[in-house]
Each structure stands twice: as C-alpha cells, then as structure tokens.
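Report on the structure
The lines below spell out each chain.
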Amino acid sequence: MNSNSRPTAELINIIKQLFYNSSGENTEERDKIIKKVDSQYTECDGRIDKYIRESSKDLSRLIKVFNEIASKIEASRSNVSHSREALKQCKILLQSKRDEVRRLWLEWCEQKCYYNNLSKLKQVYLASENVRLYCKDKNYIQAAELISECTKMISLDFRDIPGLHEIKRVIDDERIKLENNLFEELIDQLYISVTKSVLETGSVHPVREASFRRRFRHHKNDDFSEENSGFSSKNMSSENMIEKIVQAASKLNNSESNINIVEKMINDINKSIVANLIQIINSTSSHVVESNLIDNSKLNRQSIENNPKFLCQLIDLTFEQFKIAARLYKHFIECSSRIIGLKSHQNGLIWTCIQNVLVKLLKEYLDFKKLGQNSQNTDEKIN
C-alpha cells in the first residue's frame, strides 16, 4: 500500500475498532483508541502548524505573485478591450476614408476626362492653323499625322457632338489642300527643281561657262538667288523630300471613302509625265535662247532657233534633266510600292514617255525647219 492510502486505511481500522468496541464490555479498549486518535490528531495539527509557519514566506510571496499576475491580467484585459474599441473606430474611419478616396478618385477621373477632351477639342480647333504652318515649313508628315488624328478623334470621340461638323468640314478641306500641296511639291521635286539645278549648273558653251553663269545669274537673279547647293546635294534633298511626301500621303488615306492617296498620286503623276516633260523642254528652250542672246547680242531669236546647234544644245540639256527626272521617278515608284506593299512594274513608263517626247520634239523641229526653208525659197522667187 502506498503512502497516500495508509492514513485512510488507518482511519478505517480505527472506525471499525470503535464500532466493534461500542458495547459496554469493551469501553476500556475504546477509550484507548480514542486517546490514540486524539493524540494523532494533535500531532497532525502540530505538524500542520509547523509546515504553515515554515511556508508562510513562500505562501505570502506566492500570494503576492498571484495578485500581480491577476492585476496584469486585468490590465491586459482592459488593454485588449480598449484595443478592440480602437480597432472598431479605425475600421469605421477606414471605411469612411475609403468612400472619400473613391469619391475623390472618381472626381479625378472625371476631371481628367474633361481635361483630355478639352485638349483634344483645342487640338481639333487649332488643327487648320497648325496644318498651314506645317505646310509652310514643308513638314508634310506632321501635317498629315495631325489631320489623320483629328479626323479620328472627331469620328470616334466626338461623333455625337453636332457643333463639330463645321470643324470636320474645315479639316476635310485642309486634307484636300494638303493632298494638292503634296502633288505640287512632288511635281516640283521631280521636274521643276531638276530644271533649275541643271540650267543653273549647265552651260551651252563649256568654254564660256564661267562668264555665262555670272551674266545669266545676274540677268535672272530672282530665279536662282536662293539656289546655293550643288547638283548632287540637290538631287539628294529631292530624294529625301520625295520619301517624306510619300510617307505623308500614306498617312492621309481616307478609310471612310476607301481612297488610297498614294495610289491616286501615282496615277496622277503617270498622267502628267508627258506634260511635265514638255514643260522641261519649253523652259530649256527659253534658257538656251536667252543664254545665246546674252553671249552674242547680234543674234536674234529666229536665227538661234533655226540654227542646228540650238537643237543640239537643247537636246543635251534636256536629256540631262530627263535622266535625273527618270531616276527620281524610279525612286518615287519604289518608295510608294514599299509603303503600300505593291510590286512596282512602272519604272519603264517614264522612259517610254521620254522617247515619245523626244520624237515629237525632233518632228516639230524638222517641220519648223522645213517651213522656214519653204518660206525662204518663196522669198527668193519673189525677189
């Protein structure tokens, strides 16, 4: 039996003995048992008092620690309660701030939309003036991009605004003007600039080239005062300008009418080849006649035109211009084909036109020569 069950067993034995000795005959035995129990209880109480006295310090310290722990638990419970209330207030505040931030964000989006629309409207309103400024500085690509962008904004962003119909009409007019400007500039780069550069650097008589250039420039100061670049640099600038013109034309493609501006420009250029070649011949003819008149004041226009040397000079200068025009035309066709994604088959068209124009020139000269001889023979017979 273990130590914990021994007192209990002894107590049970004592109770049994007291019960069995409860009769009068065994009073003496019962008194002994009672005394024994009293002595043991007294001894136990003494031991308990001794243990209490020995453990009083530890007990007081334990009670003190327990009180401190209880106070800390109570303070922590109070802090948790306060934190819970603060978190609830913070949650309410965050919800209100979230609603305020959402409202401010919506207002910002609305204001940003207003600002963007006002910027677009300002850009559309000033588009006509800006396009004219771009065209004046020959910034055709920027002008085409501006017209295309404004047309897209009107058709998509502001399609339900009736007041912009007039501005759309103005922008469409600027588109048409820009197309015409591009075509005129392309004609100038292909033919007119070529004529100026060749006539400025070329000469009828190589021996007298320097004196001719001095006198002819002084005589035609208005035509050639701004032409300071060399022949090769002129061609290079023309090629660059042709590329810019084609790029600008490609940005002007009208999706509403399915018109390809580059293809339209190619067709218009092809139709005007002969007329522009004839214009080159006329300009060169006037140049040769005037230069001969400057070199020899005794000559007159009719004598120069009847002279076969005039034809040689005219053909030499004209063919130089035709070669440059053919090269620039080829460059134009290649740039256009590359941009619109079509294979070029028209490079030989200009040479066919050149051949036809030269044949026509020789035929007209022979007819003019024959007419002059017939009139001379008639005068001789009359005399």
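Residues numbered from 1 in each chain as written. Predicted model: local features only at pLDDT ≥ 70, side-chain atom pairs only at ≥ 80, totals over all residues. Heavy atoms only, no water.

1. Quick word on the side chain of Ser336
One can find Ser336 in helix 12 (residues 308–340). Among the residues examined, Ser336 registers a relative accessible area of 0% and is labelled buried. Apart from the residues within four sequence positions on either side, Ser336 is in contact with Val246, Val262 and Ile266. (Helix = DSSP H or I, 4+ residues; strand = E, 2+ residues; numbered from the N terminus. Buried < 20%, exposed > 50% of the residue type's maximum accessible area, 1.4 Å probe, protein only. Contact = heavy atoms within 4.5 Å.)

2. Side note on the nonpolar core
The biggest cluster of nonpolar side chains holds 61 residues, and the ones touching the most others in it are Leu178, Leu182, Tyr191, Leu277 and Phe332. Tallying contributions element by element places helix 12 first for this core, with 12 residues. The contact partners of Leu277, leaving out residues within four places of it in the chain, are Tyr191, Phe322, Cys353, Ile354 and Val357. (Core = buried A, V, L, I, M, F, W, Y, C linked by side-chain atoms within 4.5 Å.)

3. Looking at the packing of helix 2 (residues 27–125) against helix 4 (residues 140–156)
Between helix 2 and helix 4, whose axes approach to 10 Å, the crossing angle comes to 130 degrees. Between helix 2 and helix 4, the angle is such that the two are oblique. Between helix 2 and helix 4 the crossing geometry is left-handed. Counted together, Lys120, Gln123 and Val124 of helix 2 and Leu146, Glu149, Cys150, Met153 and Ile154 of helix 4 form the full contact between these two elements. (Axes fitted to C-alpha atoms, helices over the stretch in contact; angles between N-to-C directions. Parallel < 35°, antiparallel > 145°, perpendicular 65-115°, else oblique. Left-handed = near helix turned anticlockwise from the far one by under 90°.)

4. A word on the confidence of the model for the chain
Across the chain, pLDDT averages 75, with 72% of residues at or above 70. Contacts of residues 203–236 to residues separated by more than four positions or lying in other chains number 42 contacts, the stretch itself having pLDDT below 50. (pLDDT = per-residue confidence, 0-100.)

5. Observations regarding helix 4
Taking 1.5 Å of rise per residue, the 17 residues of helix 4 would be expected to cover 24 Å, and the 24 Å separating its terminal C-alpha atoms lies within 8% of that figure. Among the residues of helix 4, those classed as buried are Tyr140, Ile141, Ala143, Ala144, Leu146, Ile147, Cys150, Thr151, Met153 and Ile154. (Expected span 1.5 Å × (residues − 1).)

6. With respect to a nonpolar patch on the surface
On the surface, a nonpolar cluster with roughly 290 Å² of combined accessible area is contributed by Leu59, Leu62 and Ile63. Following the sequence through the fold, Leu59 ends up in helix 2. Looking at Leu59, the relative accessible area reads 48%, which means it is partly exposed. (Patch = residues over 30% accessible without salt bridge, like charges linked within 9 Å, V, L, I, M, F, W, Y side chains within 5 Å. Areas by Shrake-Rupley, 256 points an atom, 1.4 Å probe, with all protein chains shown as cover. Salt bridge = Lys/Arg side-chain N within 4 Å of Asp/Glu carboxyl O.)

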